[in-house]
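Examination of the molecular architecture
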Amino acid sequence: MIVTYIHSNSPSVQKCVQTRCRNLVSAIRRTGWHKAHLLDLGNFVSNTSKAQEICAESDLLVVHRFLYGPVIRMLQSWKARDKKVIIDIDEAVDRLPPESESYRFWNEGVPMQECPGATIDEGQTIDPAPIEQLRLGLRLADAVSVSSTRLADDWAAYSNILHIPDYLNLDQYLTVKQFHPGEIWIGLSTEGLSAAVLEESGLARALEAVCRQRKQVRLYWVGADRLSADGLDISVRQKILLPAPGLETWPRVLAAFDIGLAPALGETALRAGWQRALEYMVMKVPWIGSDLPSYRELSRFGWLVHNSAEAWERGLLEVVDHLDAYQAEAAGEPFLFALGQDVHENVAKILAGYASILYRS
Amino acid sequence: MQSTISTNPELKVRKIMGRTYLNQSKLEEALEVYAGILRDFPDDLDALIVLGNLYLAAGDSRTACSVYRRALEIDPQNVAVSRQLELAESEEGGGLAEKVPTDPAAIRRLLQRLTGKTGSISDADLHQAAELLELILHSPNPAEQVAIHLEEIDDLLPALLELNIRQAEADGRPDLADGLRALQDNIHLQMQPAAAAAIPPAAAPRERFHGSVLLLLPDPAHPSERIRLLQEGLAGAGCAVTLSGEFTIQAVRDGELPHVAVASNPHIQPRMLESLAALTAANVPVLVDLDTDFEHMPVTHPDYSTAGLGSPARARAYTAALLLANAVTVNSAMLAESLRQAGHNVYFMPDGWSNQNLLWTRTPQARSSIHIGWIGGSGAWLGGAGQIEDLMLVRRTVLRILREFPHTQLVVIGDLQAYRLFDSLAETRRMYLPMVPAEEFPYLLGQLDILIVPLRNQPYASSLSDLPLVQAGVKGIPWVASPITAFKNWQAGGLVADTPEEWHLYLRQLVLDAETRAGLGQAGQQAALKREASNLSQGWVDLFEQLLQPSFSIR
């Protein structure tokens with residue numbers, strides 16, 4: 001089997017591209033039996049010689065998220081040449097909140113950075129809106145792969161569904177844990193979060209309260225360039241601000257967390273994958289997350305709290321005050337479970353799913 | 001002949017199938033259909049007339065007479081039937097009429113006669129065969145008897161088989177009887193006398209044109225599908241074909257004169273008129289090929305702004321081009337007639353397809369639902385496919401069908417606005433496919449099981465090409481279409497619907513009956529073969545030869 005993953009180069013989705021495309025390519029190649037390629041959208045819609053060579057060789061084309069206008073046209077061209085097509089959806093792009101980074105692209109057709117093929121003039125928009133084009137385009141896909149069961153429910157009407165959860169590439173998490181004697185670093189990556197989520201989930205107020213009550217706590221705010229921590233009533237001494245790290249440095253940043261946070265709110269969060277919590281688990285970091293379907297399967301490996309300031313505060317204080325015990329616990333079953341979610345361990349399942357689509361009569 | 005107007009949709013479709021088979025010379029299938037019609041509808045006049053005609057053609061005038069007389073009992077005033085009866089009576093002689101003309105055995109015998117299988121076995125042969133069989137079976141040494149009568153057995157083989165066939169039928173073993181019958185037919189074939197007349201030696205093939213042809217195009221980098229097929233067909237016929245956007249006097253000086261020039265829609269690029277003038281001055285015959293009725297192109301047509309005659313420059317260029325042309329070629333008989341009446345020398349050169357594109361012969365994946373499809377958008381190679389206003393004609397009918405049959409899906413190709421006309425349908429019941437380049441169009445067609453081609457009754461539509469139906473035919477897709485001249489002339493592979501009721505009846509029938517779909521699809525495929533590019537190129541070569549004759553002059 002030869003699989004080509006077609007992905008965007010937009011900076012805002014590179015983490016997802018890593019998880020949904022690059023990691024799978026790495027795993028498939030490592031099997032030695034199958035081949036996998038990566039192809040960016042720009043080459044694909046321009047039908048460059050590189051794209052032609054790769055796609056002609058492939059049995060299966062997997063498009064990550066961006067199914068619209070020029071992508072649909074090229075996919076039709078390859079379907080005419082007997083290629084099977086899977087659309088990979090790992091975000092509820094049809095339910096994005098207005099403050100989301102990609103809301104305007106999906107719902108208003110405002111081009112995103114690295115939005116290839118949309119050769120439109122300044123100020124113009126993609127019409128019809130990409131979300132509508134996605135719905136239309138899904139009907140010509142042979143299957144839709146999704147990262148959560150809720151997404152499976154959403155898109156089952158359009159095509160066959162493959163549930164491919166977020167897997168980790170453990171090779172990327174081989175890093176040494178950092179310790180902070182006398183301090184407890186509560187880490188939060190702002191990727192995919194908005195100020196509204198932090199406020200409405202109650203996490204912001206809870207963090208303020210915990211920092212007031214426990215002076216050894218430091219809020220390790222990762223991605224301060226994406227989302228400012230200025231709105232939090234926490235002393236400067238207790239805030240450690242870091243710009244968003246690159247994909248390669250993220251595991252080292254993660255290794256500095258003593259406690260990880262996984263807040264989630266809204267329709268999109270209901271359908272999100274479990275990657276954030278899984279990363280904490282593989283790094284043996286005790287974590288607290290919102291009590292949503294995304295994390296419910298992992299509830300015995302962490303703390304799930306209702307989205308209220310009181311619940312978050314209680315959860316945080318509990319873990320802060322008994323950190324040693326929770327860290328010991330995090331090094332046990334949660335870590336073992338995370339190891340089992342290595343993409344290389346699960347590639348056979350993924351390939352079996354692909355084969356069921358390829359050889360479906 | 002006056003035919004019985006039947007409101008029974010199933011009967012109507014069966015008759016269309018029967019006519020289709022006759023047109024394709026599939027006598028066995030046609031006879032099966034008409035015999036079946038008469039078994040179910042014994043008073044159907046059309047079927048009686050066809051059967052009578054077939055018996056007459058087979059030389060069985062007595063049976064033909066009995067069939068015609070039956071027809072006259074139903075319609076005593078039918079002049080055509082009376083004439084046929086007179087003809088049959090004048091040929092009457094020898095043999096008995098079939099007791100039941102629609103009986104399977106009678107139909108078999110009719111088919112044998114029509115297809116030239118003259119293996120009728122005489123009563124004397126049968127008697128002799130029976131005696132021989134009796135002798136062998138009751139002989140103390142059957143092998144010896146066989147050896148002695150080997151030559152006689154050889155001569156009587158068909159009769160011996162006939163005895164066994166009748167015994168098998170009497171024993172209720174139709175399968176055995178069929179097998180023996182097939183053996184009998186083979187033996188008949190082998191026993192045919194050698195051809196009576198010697199076949200005269202084939203005449204030496206005449207020299208065909210295979211000179212140089214200049215295809216003059218508004219945009220040589222993007223030739224239309226029609227031109228691309230022409231290029232391919234002519235190249236296959238041995239012509240040297242060049243595509244260009246212009247022809248200059250310099251080419252004359254350099255000796256690069258083509259034998260013939262074909263200018264495609266030259267009015268789109270008014271500067272092409274200079275090329276036409278240069279060609280004319282160089283005495284190169286010029287054909288102007290028009291792939292659309294530009295004179296009646298509606299303002300709402302997607303190509304009107306680039307190709308319509310609304311622009312004074314294009315209108316002047318159009319008129320000038322027609323005047324400069326030695327001949328005009330068009331892709332629709334109606335358009336040819338219209339231009340002919342305006343005094344132009346016009347030839348109908350139909351649209352086609354190319355088997356070089358393997359997507360035409362690729363079989364699509366099987367699917368569980370029946371896809372009813374409509375193709376919108378522009379593109380000259382689509383023969384002027386429908387616009388949203390055309391689809392509006394049948395929107396309610398299509399919705400009715402989709403509601404009635406849950407296993408159907410609507411597929412709209414190339415026009416998102418048209419797709420949105422069906423927003424009341426669940427998204428699982430409809431699909432939108434964007435248009436693709438011409439070479440991938442067969443893939444899109446392969447997503448359909450039934451093609452609908454509704455067209456408004458307007459001058460532009462009446463001059464459209466039959467290309468959508470030809471293309472559907474290549475893919476074996478049955479169609480229901482509006483009664484424009486080109487579609488009625490093409491006929492093969494589908495049903496022409498004039499009223500909303502007919503649209504509903506035919507769509508319903510096609511959805512319900514897979515066999516009808518398959519039969520019509522096959523008929524369309526057969527008919528489409530003659531529109532393959534290599535076949536069409538012969539017509540063009542003929543035209544070039546005509547243009548190049550010294551006596552030819554038109555300007």
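We now turn to the structure provided with this report. All values reported here derive from a predicted model rather than from experimental measurement.

Side note on the overall build of chain A
Along the backbone of chain A there are 17 helices and 12 strands. Computed over its C-alpha atoms, the radius of gyration of chain A comes to 21 Å, within 12% of the 21 Å expected for a compact globule of 361 residues. Based on the C-alpha atoms only, the size of chain A along its principal axes is roughly 65 × 50 × 35 Å. Counting across all 361 residues of chain A, residues that qualify as buried make up 59%. The long-range fraction of contacts in chain A, counting pairs at least 24 apart against all pairs at least 6 apart in sequence, stands at 68%. The positive charge centre, built from 36 side chains, and the negative charge centre, built from 45, are 3 Å apart in chain A.

Regarding the pattern of salt bridges
The final tally for this structure, using the stated rule, is 43 salt bridges over all chains. Where Arg 81 of chain A meets Glu 440 of chain B, a salt bridge forms, and the shortest distance between an N and an O atom there is 2.9 Å. Residue Arg 81 of chain A is located in the loop between helix 4 (69-79) and strand 4 (84-89), and its partner Glu 440 of chain B is located in the loop between strand 9 (430-433) and helix 21 (441-445); the two belong to separate chains. The partly exposed category is assigned to Arg 81 of chain A, whose relative accessible area is 35%. As a salt-bridge pair, Glu 89 of chain B and Arg 69 of chain B come within 3.2 Å of each other at their nearest N and O atoms. Residue Glu 89 of chain B is located in helix 5 (residues 79-90), and its partner Arg 69 of chain B is located in helix 4 (residues 61-74); the two are separated by 20 residues in the primary sequence. Looking at Arg 69 of chain B, the relative accessible area reads 37%, which means it is partly exposed. The network of salt bridges with common partners includes Asp 94, Arg 95, Asp 154, Glu 267 and Arg 271 of chain A.

Considerations on helix 14 (residues 272-281) of chain B
All names here are of chain B. Most of helix 14 is tucked away, with 7 of its 10 residues classed as buried. For helix 14, every residue scored as buried is listed here: Met 272, Leu 273, Ser 275, Leu 276, Ala 278, Leu 279 and Thr 280. One or two steps after helix 14, the chain reaches Asn 283, where phi turns positive at roughly 60°.

Regarding the interface of chain A and chain B
Counting residues at the interface gives 19 residues for chain A and 20 residues for chain B. Among the residues chain A hides against chain B, the three largest losses belong to Gln 76, Leu 136 and Arg 139 of chain A. Together they make up 40% of the total. Along the contact surface separating chain A from chain B lie 3 salt bridges. Here Glu 132 of chain A ties to Arg 420 of chain B by a salt bridge, and the two come within 2.8 Å at their closest N and O atoms. Remark: the boundary between chain A and chain B carries 10 residue pairs in polar contact (both at pLDDT 80 or more). Breaking the side of chain A that touches chain B down by element, the ones donating at least two residues are helix 4 and helix 6 (130-138) of chain A. Looking at the side of chain A that touches chain B element by element, the count peaks at 5 residues for helix 4 of chain A. Grouping the constituent residues of the side of chain A that touches chain B by class yields 7 nonpolar, 2 polar and 10 charged.

Describing the packing of aromatic side chains
Counting across every chain of the model gives 17 aromatic pairs over all chains. Taking 5.5 Å as the distance between ring centres and 75° as the angle between the ring planes, the aromatic pair formed by Phe 209 of chain B and Phe 544 of chain B counts as edge-to-face. Here Phe 209 of chain B, found in the loop between helix 11 (174-190) and strand 1 (212-216), pairs with Phe 544 of chain B, found in helix 27 (residues 533-548); they are 335 residues apart in sequence, far enough to count as distant. Take Phe 209 of chain B and Phe 544 of chain B: they sit in the same class, and that class is buried. Ring centres of Trp 353 of chain B and Trp 360 of chain B lie 6.2 Å apart, and the angle between their planes is 65°; on these two criteria the pair is classed as edge-to-face. Given a relative accessible area of 7%, Trp 353 of chain B falls into the buried group. An aromatic cluster is defined as three or more aromatic residues linked by ring pairs; in this entry it consists of Trp 185, Tyr 220, Trp 250, Phe 257 and Tyr 280 of chain A. Taking NZ or CZ as reference, Lys 284 of chain A lies 4.6 Å from the ring centre of Phe 335 of chain A, over its face.

Let's talk about the layout of surface pockets
All names here are of chain A. Counted as a void, the largest pocket has a volume near 1,400 Å³. Lining of the largest pocket is provided by 50 residues; of these, Glu 91, Glu 191, Gly 192, Leu 193 and Arg 276 occupy positions nearest its centre. Those elements giving two or more residues to the lining of the largest pocket turn out to be helix 1 (14-31), helix 8 (195-201), helix 11 (266-270), helix 12 (275-282) and helix 13 (293-296). With 5 residues, helix 1 is the largest single contributor of residues to the lining of the largest pocket. Broken down by class, the residue content of the lining of the largest pocket amounts to 19 nonpolar, 16 polar and 15 charged.

Each value, and the rule that gives it
- Residues numbered from 1 in each chain as written.
- Chains lettered and ligands numbered in written order.
- Predicted model: local features only at pLDDT ≥ 70, side-chain atom pairs only at ≥ 80, totals over all residues.
- Heavy atoms only, no water.
- Helix = DSSP H or I, 4+ residues; strand = E, 2+ residues; numbered from the N terminus.
- Rg over C-alpha atoms; globule rule 2.2 N^0.38 Å.
- Buried < 20%, exposed > 50% of the residue type's maximum accessible area, 1.4 Å probe, protein only.
- Contact = heavy atoms within 4.5 Å.
- Lys, Arg positive; Asp, Glu negative; His and termini not counted.
- Charge placed at Lys NZ, Arg CZ, Asp CG, Glu CD.
- Salt bridge = Lys/Arg side-chain N within 4 Å of Asp/Glu carboxyl O.
- Buried area = accessible area lost by both parts, 1.4 Å probe.
- Polar contact = N/O pair within 3.5 Å; in protein donor to acceptor, adjacent residues only side chain to side chain.
- Nonpolar A, V, L, I, M, F, W, Y, C, P; charged D, E, K, R; others polar.
- Phe/Tyr/Trp six-rings, centres within 6.5 Å; stacked < 30°, edge-to-face > 60°.
- Lys NZ or Arg CZ within 6 Å of the ring centre and 35° of its normal.
- 1 Å grid on protein atoms, 1.4 Å probe; cavity = no way out; pocket = protein on both sides within 12 Å on 5 of 7 lines; lining within 4 Å.
- Points joined across faces, edges and corners; volume = space filled by probe spheres on them.

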